[in-house]
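Survey of secondary and tertiary structure
Here are the chains, one letter per residue:
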Amino acid sequence: MDRLEKLAADVRDLGRRALVLPCDVTAEGDLDRAAARTRETLGRIDVVVANAGFGVMGPLETLTLGDYRRQFETNVFGVLRTVYATLEDVKRARGRLVLLGSVSGHLALPGASAYAMSKFAVRGLAEALAHELASRGVAVTLVSPGLVESEMRQVDNRGRWHAEAARGSPKALVVPVATAARHIVRAVARRRREAVITRHGKLAVFLQRHAPWLVRKVVGRLGARSRSQPGRAAAPE
Ligand SMILES: NC(=O)c1ccc[n+]([C@@H]2O[C@H](COP(=O)([O-])OP(=O)(O)OC[C@H]3O[C@@H](n4cnc5c(N)ncnc54)[C@H](OP(=O)(O)O)[C@@H]3O)[C@@H](O)[C@H]2O)c1
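Summary of the structure given here. (Residues numbered from 1 in each chain as written. Predicted model: local features only at pLDDT ≥ 70, side-chain atom pairs only at ≥ 80, totals over all residues. Heavy atoms only, no water.)

**Regarding unusual backbone geometry**
Our working rule: Segments assigned H or I by DSSP are reported as helices when at least four residues long, segments assigned E as strands when at least two residues long, and all are numbered from the N terminus. Only protein chains enter the accessibility calculation, which uses a 1.4 Å probe. A residue is then buried if its area is under 20% of the maximum for its type, exposed if over 50%, and partly exposed in between.
Phi is positive for Arg-94, which is not a glycine, with a value near 45 degrees. Position of Arg-94 among the secondary structure elements: in the loop between α4 (77-93) and β2 (96-100). By relative accessible area, Arg-94 is classed as partly exposed at 49%. Notably, Arg-191 is not glycine yet its phi reads approximately 60 degrees, a positive angle. Mapped onto the secondary structure, Arg-191 falls in the loop between α6 (177-189) and β4 (194-197).

Below, the structure written as structure tokens:
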């Protein structure tokens, strides 16, 4: 909350209005209330970013049905709740819907089935919605980041944040938040269907589309290595 208030203060310093409304995308009604307060305070909603997400990690055999359900509750149904809560506003404004997918919505790595399934689902949603809303003047942009600097790797399979955990991604592959934000804003402003963020992300998506056999070979070589959860030993290979 403090971080959001600080961010809002920075936005206000730029002469813009900002409103901080904490909510849980898995809780029924939270997003409807947030959208109503936004309408009352700011007058209209013309750009909506469904960003909330986390990663349930581990090979299928170490996970339960509950883990998969929890993953979908935030990454898929949370996105749907965001869209339902704001769709009429965005249609009225002939505005923009931005859905956070991932390069994992294009290719599924071992040890990331739950996360990849959720992001494949978001990609399907973005594609269908873009067609459905085109005649209403609404642009739908799917953002598919590779690795962007974030706290995602400090969050465990239950969605709990571990301050002490390492951020974890190889530095050379991670792009700074400001760079990613610039790419996202440009893509949304231009009403692009998809923005794949990071060079290696673009390469991975290209290869998966045009040389899936090569991707299979490389992933096979790397082995079924899974990203470990914060607060736990690495998942078995
Ligand atoms: N960073 C990457 O490399 C990367 C790559 C591919 C895709 N993505 C996607 O980008 C999006 C943002 O992730 P990030 O990298 O910025 O990770 P992050 O630093 O962990 O941020 C995740 C954000 O989602 C919010 N969130 C999680 N569960 C929520 C819930 N139930 N209700 C409301 N908010 C919730 C968190 O809020 P709290 O802090 O309040 O929990 C936090 O603001 C996610 O959809 C992620 O899957 C990121």
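**Comments concerning the sheet that holds β4**
Basically, it comes down to this: We call two strands paired when DSSP finds no fewer than two bridges between them. What counts as an axis is a line fitted to C-alpha atoms, over the stretch in contact for a helix, and the angles between N-to-C directions run from 0 to 180 degrees.
Pairing within the open sheet is parallel, and its 4 strands lie in the order β1-β2-β3-β4. Unpaired on one side and paired on the other, β1 (47-50) and β4 mark the two borders of the sheet. The sheet shows a mean angle of 15 degrees between the axes of neighbouring strands, direction not considered. Strand direction decides the pairing type here: strand β3 (residues 139-145) and β4, joined by 4 bridges, are parallel. Within the sheet, the bridge partner assigned to Leu-142 lies in β4 and is Glu-194.

**Looking at the pattern of salt bridges**
Operational definition: Only one rule defines a salt bridge in this text: a Lys or Arg side-chain nitrogen within 4 Å of an Asp or Glu carboxyl oxygen.
Summed over all chains, the structure comprises 12 salt bridges. Across the pair Arg-160 and Asp-156 runs a salt bridge, and its minimum N-O distance is 3.1 Å. Among the residues examined, Arg-160 registers a relative accessible area of 47% and is labelled partly exposed. Ionic pairing is found between Glu-194 and Arg-209, a salt bridge with its closest N-O pair at 3.9 Å. Taken together, the residues span a long stretch of sequence, with Glu-194 in strand β4 and Arg-209 in helix α7 (residues 199-210) at a distance of 15 residues. Relative accessible area serves as the criterion here: at 21%, Glu-194 is assigned to the partly exposed category. Here the salt bridges do not stand alone but share partners, grouping Glu-28, Glu-73 and Arg-81 into one network.

**Here's the deal with the site of the ligand**
Basically, it comes down to this: One heavy atom within 4 Å of a molecule or strand is enough for the residue carrying it to be called near that molecule or strand. Side-chain atoms alone can form a polar contact between residues adjacent in sequence; in general such a contact is a pair of N or O atoms within 3.5 Å, and within protein one must be able to donate a hydrogen while the other accepts it. Exposure was quantified through the Shrake-Rupley algorithm and a 1.4 Å probe, taking into account, for residues, occlusion by the shown protein chains and nothing else.
Near the ligand you find 20 residues, and of these Asp-24, Asn-51, Tyr-115, Val-148 and Ser-150 are the closest. Between Val-148 and the ligand, the recorded distance is 2.8 Å, taken from a backbone N or O atom to an oxygen atom. Here an oxygen atom of the ligand and a backbone polar atom of Glu-151 are 3.0 Å apart. About the coverage of the ligand: the protein hides 67% of its 890 Å² of free accessible area.

**Some details on the nonpolar core**
Spelled out, the test is: Residues belong to one nonpolar core when they are buried, are Ala, Val, Leu, Ile, Met, Phe, Trp, Tyr or Cys, and are joined through side-chain atoms within 4.5 Å.
Formed by 21 residues in total, the largest nonpolar core has its most connected members in Val-79, Val-83, Leu-97, Leu-99, Leu-129, Leu-133 and Val-140. Sorting the residues of this core by element identifies α2 (30-42), β1, α4, β2, α5 (113-134) and β3 as the ones contributing at least two each. The next biggest cluster of nonpolar side chains, apart from the first, holds 9 residues, and it includes Val-98, Val-143, Val-175 and Ala-187.

**Here we look at the pairing of β1**
Going residue by residue along β1, you find Val-48 and Ala-50 tucked away on one face and Val-47 and Val-49 left uncovered on the opposite face. Bridge analysis of β1 against β2 gives 4 bridges, and the strand direction is parallel. Of the residues in β2, the one forming a bridge with Val-47 is Arg-96.

**Remarks on a nonpolar patch on the surface**
Rule in force here: Exposure above 30% relative accessible area and no salt bridge define the residues that can form patches, which grow by joining like charges within 9 Å and nonpolar side chains of Val, Leu, Ile, Met, Phe, Trp and Tyr within 5 Å.
On the surface, Trp-213, Leu-214, Val-218 and Leu-222 cluster together into a nonpolar patch covering about 400 Å² of accessible area. The exposure class assigned to Leu-222 is exposed, which follows from its relative accessible area of 53%.

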